[in-house]
Amino acid sequence: MLLLLEQILNGLQFGVMLFLLAAGLTLVLGIMNLVNLAHGSLYMVGAFVTAAVTSWSGSFMIGLAIALPATMLVGMLVEVIVLRRLYPRHHLDQVLATFGLILFFNELVRVLWGPRPVFLDVPEFLNGSVELLPGIPYPAYRLAIILVGLLVALFLYFLTQRTRIGMLIRAGASNREMVGALGVNVGLLYTIVFGIGAMLAGLAGVMAGPVYSVEMGMGEAILIQVFVVIVIGGIGSIRGALIGSILVGLVDTLGRSFLPTALRLIMDPSRADGMGSALSSMSIYMLMALVLFVKPQGLFRAHG
Amino acid sequence: MKFGLKSIAVSAAIVLSWGAATVATAKAEAVKIGMITTLSGGGSALGIDIRDGFQLAVDQEGGKLGGAEIELIIEDDAREPDRATEIASRMVDRDQVDIMTGLVWSNLAIAIVPKVVRDDIIYISPNAGPSLLAGAGCNANYFNVAWQNDNLHEAIGQYLQDRGVGSAFILAPNYPAGQDALTGFKRYYKGDIKGELYTKLGQTDYAAEIAQVRDASPDAVFFFLPGGMGISFIKQYNQAGLDKSVPLYGPAFSFDQAILGAVGDAALGVINSSQWNKDLNNEANNRFVADFQKAYGRLPSLYASQGYDAARLIASALSATGGNVSDKDALRAAIKAANFDSVRGEFRFGNNNHPIQDIYVRRVIKEGDVLTNEIIGKAFHDHQDAYAADCKL
């Protein structure tokens, strides 16, 4: 029972981590209609900048404070130099171009930091664990990830629903020409939106650094799951990204921990382990298929 | 028809004279060595270390190996089997290399080595040692100077067995090398397996697995998670506080010089297995470690030692044949003799051209600010892999 509770918490934490990435990706995909495979590269940049600044300054918080504007800046530069030309193009062109960006960023990171993974530790004040219930010590840093994720969800809710820029973003998404005709600089608006998306990816990288390995290509592995999240949640919907993330996090974690055990009840152990691990690797894709079968547009389609 | 015959005769003459010319100059030509390894993208740290180790041996001889002039062609496979296959066929057909080496990954080795050795080119593996090429699939032209994939896992199994550790929880990624790893471990460990998990390849979050370890409360955890997977796992394992109650054990791959910096203090004290360490006290190793640090400004890794040994092995063979690579039988015999001082000390080839060597147990320590390993014991003496019996050589 305690194990189940702990695994639910693990699933929630993993889901929130996915949300930090999915929020930015869905914002860009849903509003600017741009398939950005290089979103994971911005995540990597966030982690590397944090690691570099933290080791130089000795403070994780300084690393965080520099990494966020840095990734935002990198994102905006990429938007102005490359992505801006891709909005009217076919999705396939966007996929090709942003795949090229992945290769570019990977090699850039290798030139700057070398081929070896770099080190980033949990900040001192979050080191250690909290006894949530007797028998469940939970790492404090993972609790912090959950907290940050929920704060980001709140921030995005206010940004899109309660601010002028949020209103323009939503309006621009529905009818770009009309918003432009009303005297709004849509180009600048998109640059800002992309910057926000990049900063969110950077924040995910900052949070991920102390837990995962900070290495070249770290964004690609997790990005596949993030795409599953936004397809499940509905492209362009922040709420969908949140619900989708938590669903994927829970299904993935609970599948990995309980499927092999469950299968042992009906077949011999070695076959159960093999099949259990194979099935749990597929679980999030099966979830995606199920959701798309019932709701072809995803759970919360934003518009269109 | 007349024209046809004439042109055939002319071209035959040209081909023959050209052939004669190349035969005549062959002696003076450099030995061509083709190296395909991973120099970009994820996992490039391994290929770069293999290359640098190999290059160091060449530089020590002033651009030669075993007294013979060599031409070293280095290409990057970016860890992609397609790309590696393409480069390999180019090296065979266009560059006409005599010896090939460099591959890091088992899946790439399986894709390339069988084809290359069929073309009668000698392949010296500085790392990948899949069971497929060690048993029934062995070949007279294929030599592995590192190990067979199972070896380091077997060593930890033996170590835990020797120490009478009662139970273990084991995990590896769900792919062939992962399954080989756990099979290798269980071949020598006879205690209670409290849990056996196959994780997703490339997985980043291990919270679910770590919770299961805590729940099972074994006496030891053995894991094989190469590269970034291992870094994530060790960090998360320590963050969960489990390192204080259940010690981690693994092969050298997650505790090697190239990776320790990224794992940080979480790796301190962990026991792992390796056929090499920088503190092995023999003349060849002392020279290698000192020269490597001088040349590249960092401590050598396991992979660097394997690249270096690959070059030294080739050097010993070229020295024995006087730099002549056209007599393949003589070259093969000279390589098989392994008449060189390996940086790991005792080393010879078994019947399947894989090493018979000692495997050590190491512990991660801190020397000043730098994390590194020290040898604390030996798991195997003159160890040969389990597939050698299936090899017809």
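Since the model is a prediction, treat every value here as computed from it, not as a measurement. (Residues numbered from 1 in each chain as written. Chains lettered and ligands numbered in written order. Predicted model: local features only at pLDDT ≥ 70, side-chain atom pairs only at ≥ 80, totals over all residues. Heavy atoms only, no water.)

Engineer: Give a description of the overall build of chain B that names residues and reports values.
Structural biologist: In terms of helices and strands, chain B carries 12 helices and 14 strands. A compact globule built from 393 residues would reach a C-alpha radius of gyration of about 21 Å, and chain B, at 23 Å, matches this within 12%. Based on the C-alpha atoms only, the size of chain B along its principal axes is roughly 85 × 45 × 35 Å. Residues classed as buried in chain B amount to 60% of the 393 residues present. Per element, the accessible surface of chain B, about 14,800 Å² overall, is 52% carbon and sulfur. Treating the 36 positive side-chain charges of chain B as one cloud and the 46 negative ones as another, the clouds have centres 2 Å apart. (Helix = DSSP H or I, 4+ residues; strand = E, 2+ residues; numbered from the N terminus. Rg over C-alpha atoms; globule rule 2.2 N^0.38 Å. Buried < 20%, exposed > 50% of the residue type's maximum accessible area, 1.4 Å probe, protein only. Areas by Shrake-Rupley, 256 points an atom, 1.4 Å probe, with all protein chains shown as cover. Lys, Arg positive; Asp, Glu negative; His and termini not counted. Charge placed at Lys NZ, Arg CZ, Asp CG, Glu CD.)

Engineer: For the state of the cysteines, give the residues involved together with the corresponding values.
Structural biologist: Residues and elements named next belong to chain B. A full pass over the atoms with the stated rule returns 1 disulfide over all chains. Each sulfur in the disulfide pair C138 and C391 lies 2.0 Å from the other. The sign of the 90° torsion about the S-S bond sets the C138-C391 disulfide as right-handed. Placement of C138 in the loop between β5 (122-125) and β6 (142-144) and of C391 in the segment after β14 (370-383) is noted, with a sequence separation of 253 residues between them. Look at C138 and you get buried, because its relative accessible area is 15%. Looking at C391, the relative accessible area reads 7%, which means it is buried. (Disulfide = S-S within 2.5 Å.)

Engineer: Mind laying out the interface of chain A and chain B, listing which residues take part and the relevant values?
Structural biologist: Contact residues are listed per partner, giving 35 residues for chain A and 38 residues for chain B. Across the interface of chain A and chain B, roughly 3,000 Å² is buried in total on both sides, 51% from carbon and sulfur atoms. Broken down residue by residue, the surface that chain A buries against chain B is led by R116, F119 and R256 of chain A, which jointly contribute 21%. Our count for the chain A to chain B interface comes out at 5 salt bridges. The salt bridge partner of D252 of chain A is K200 of chain B, with a shortest N-O separation of 3.1 Å. At the boundary of chain A with chain B, the tally comes to 19 residue pairs in polar contact (both at pLDDT 80 or more). At the level of elements, α1 (2-32), α4 (91-113), β2 (136-139), α9 (218-233), α10 (238-264) and α11 (269-294) of chain A are the ones that each hand at least two residues to the side of chain A that touches chain B. Element by element, the count of residues in the side of chain A that touches chain B is highest for α1 of chain A, at 6 residues. (Contact = heavy atoms within 4.5 Å. Buried area = accessible area lost by both parts, 1.4 Å probe. Salt bridge = Lys/Arg side-chain N within 4 Å of Asp/Glu carboxyl O. Polar contact = N/O pair within 3.5 Å; in protein donor to acceptor, adjacent residues only side chain to side chain.)

Engineer: I'd like a rundown of a nonpolar patch on the surface, residues and numbers included.
Structural biologist: Residues and elements named next belong to chain A. On the surface, L2, L5, V130, L132 and L133 cluster together into a nonpolar patch covering about 370 Å² of accessible area. If you list the elements that add at least two residues to the nonpolar patch, you get α1 and β1 (129-133). At 3 residues, β1 tops the list of elements feeding residues into the nonpolar patch. Among the structural elements, L2 can be located in helix α1. (Patch = residues over 30% accessible without salt bridge, like charges linked within 9 Å, V, L, I, M, F, W, Y side chains within 5 Å.)

Engineer: Let's hear about the confidence of the model for chain B: which residues, and what values?
Structural biologist: All names here are of chain B. For chain B, per-residue confidence averages 91 on the pLDDT scale, and 93% of positions sit at 70 or higher. Across residues 19-27 the pLDDT falls below 50, and counting only partners more than four positions away or on other chains, this stretch makes 1 contact in the model. The complex model carries a pTM of 0.88, and its ipTM stands at 0.90. (pLDDT = per-residue confidence, 0-100.)

Engineer: Hey, could you go over unusual backbone geometry for me, with residue numbers and the actual values?
Structural biologist: All names here are of chain B. Even without glycine at this site, R79 takes up a positive phi of about 65°. In this fold, R79 is placed in the loop between β3 (68-76) and α3 (81-93). A relative accessible area of 38% means that R79 is categorised as partly exposed. Look at A338: it is not a glycine, yet its phi comes out positive at around 45°.

Engineer: Which residues make up the side chain of H153 of chain B, and what values do they have?
Structural biologist: Residue and element names in this part refer to chain B. The topology assignment puts H153 in helix α5 (residues 151-162). With a relative accessible area of 2%, H153 lands in the buried category. A polar contact of 3.5 Å, which involves the side chain of H153, links it to the backbone oxygen of N149. Sequence-distant contacts of H153, that is, excluding residues within four places in its chain, are made with A181, G184, F185, F222, F224, P251 and F253.

Engineer: Residues and numbers for the pattern of salt bridges, please.
Structural biologist: Considering all chains together, one arrives at 30 salt bridges over all chains under this definition. Connected through shared salt-bridge partners, R116 of chain A together with D49, R51, D52 and R298 of chain B make up one network.

Engineer: Give a detailed account of the domain arrangement of chain B, specifying residues and quantitative values.
Structural biologist: When the parts of a complex come together, some accessible area is lost, and that lost area is often taken as the interface size. All names here are of chain B. We note that the domain assignment places domain 1 (31-147 + 278-349) and domain 2 (150-274) within chain B. When each unit is reduced to the centre of its C-alpha atoms, the spacing between domain 1 and domain 2 is 29 Å. Facing the 8 residues of domain 1 at the interface are 9 residues of domain 2. Between domain 1 and domain 2, the buried area comes to about 790 Å², and carbon and sulfur atoms account for 63% of it. (Domains from an automatic or database assignment.)

Engineer: For the environment of I335 of chain B, give the residues involved together with the corresponding values.
Structural biologist: All names here are of chain B. One can find I335 in helix α12 (residues 328-337). Taking C-alpha positions, I335 is 9.0 Å from A320, a pair spaced 15 residues apart along the chain. Apart from residues lying up to four places away in sequence, I335 is in contact with I122, I124, F143, L313, A317 and F349.

Engineer: Go over α1 of chain A with me, naming the residues and quoting the values.
Structural biologist: Spanning 31 residues, α1 of chain A covers 44 Å between terminal C-alpha atoms, matching the ideal 45 Å at 1.5 Å per step. At L21 of chain A, α1 of chain A shows its strongest bend, of approximately 30°. (Expected span 1.5 Å × (residues − 1). Bend = angle between axes of the 7 residues up to and from the residue.)

Engineer: Talk me through the UniProt feature "domain: Leucine-binding protein" (unreviewed entry) in chain B; I want residue IDs and the actual numbers.
Structural biologist: In the numbering used here, UniProt assigns the feature "domain: Leucine-binding protein" (unreviewed entry) to residues 31-368 of chain B. As annotated, residues 31-368 of chain B has a helix share of 42% and a strand share of 21%, and its two end C-alpha atoms lie 43 Å apart. (UniProt positions renumbered as here; feature names shortened; annotations may be inferred.)

Engineer: Residue-level account of the packing of aromatic side chains, with values.
Structural biologist: Residues and elements named next belong to chain B. Scanning all chains against the criterion turns up 23 aromatic pairs over all chains. Three or more aromatic residues joined by ring pairs form one cluster here, namely Y206, F223, F233, Y237 and F255. Geometry around W105 places R79 over its ring, the cationic atom sitting 4.0 Å from the centre. (Phe/Tyr/Trp six-rings, centres within 6.5 Å; stacked < 30°, edge-to-face > 60°. Lys NZ or Arg CZ within 6 Å of the ring centre and 35° of its normal.)

Engineer: Hey, could you go over the UniProt feature "transmembrane region" (unreviewed entry) in chain A for me, with residue numbers and the actual values?
Structural biologist: Residue and element names in this part refer to chain A. The feature "transmembrane region" (unreviewed entry), as annotated in UniProt, sits at residues 12-35, 42-58, 64-83, 95-113, 140-159, 179-202, 222-251 and 272-294 in this numbering. Helix makes up 88% of residues 12-35 and strand 0%. Its end C-alpha atoms lie 27 Å apart. Overall, residues 95-113 shows 100% helix and 0% strand. The separation of its end C-alpha atoms is 27 Å.

Engineer: Please provide a residue-by-residue account of the nonpolar core, values included.
Structural biologist: Among soluble globular proteins, nonpolar side chains are generally buried collectively. The biggest cluster of nonpolar side chains holds 96 residues, and the ones touching the most others in it are L65, M100 and I124 of chain B. Tallying contributions element by element places helix α11 (residues 302-321) of chain B first for this core, with 11 residues. A domain split of this core shows at least three residues from each of domain 1 (31-147 + 278-349) and domain 2 (150-274) of chain B. The residues touching M100 of chain B, leaving out its near neighbours within four places in the chain, are G34, I36, A88, M91, V92, V116, I121, I122, Y123 and I124 of chain B. By size, the runner-up hydrophobic cluster in this structure holds 88 residues, among which are L18, A38, V49 and V78 of chain A. (Core = buried A, V, L, I, M, F, W, Y, C linked by side-chain atoms within 4.5 Å.)

Engineer: Lay out helix α10 (residues 283-296) of chain B with the relevant residues and their values.
Structural biologist: Residue and element names in this part refer to chain B. With 14 residues, α10 ought to run about 20 Å at 1.5 Å a step, and its terminal C-alpha atoms sit 20 Å apart, in line with that. The set of residues buried in α10 consists of A284, N285, F288, V289, D291 and F292. Where α10 is buried, its residues meet α2 (44-60) and α11. Of the residues flanking the start of α10, the one acting as N-cap is N282, its side-chain oxygen 3.2 Å from the backbone nitrogen of A284.

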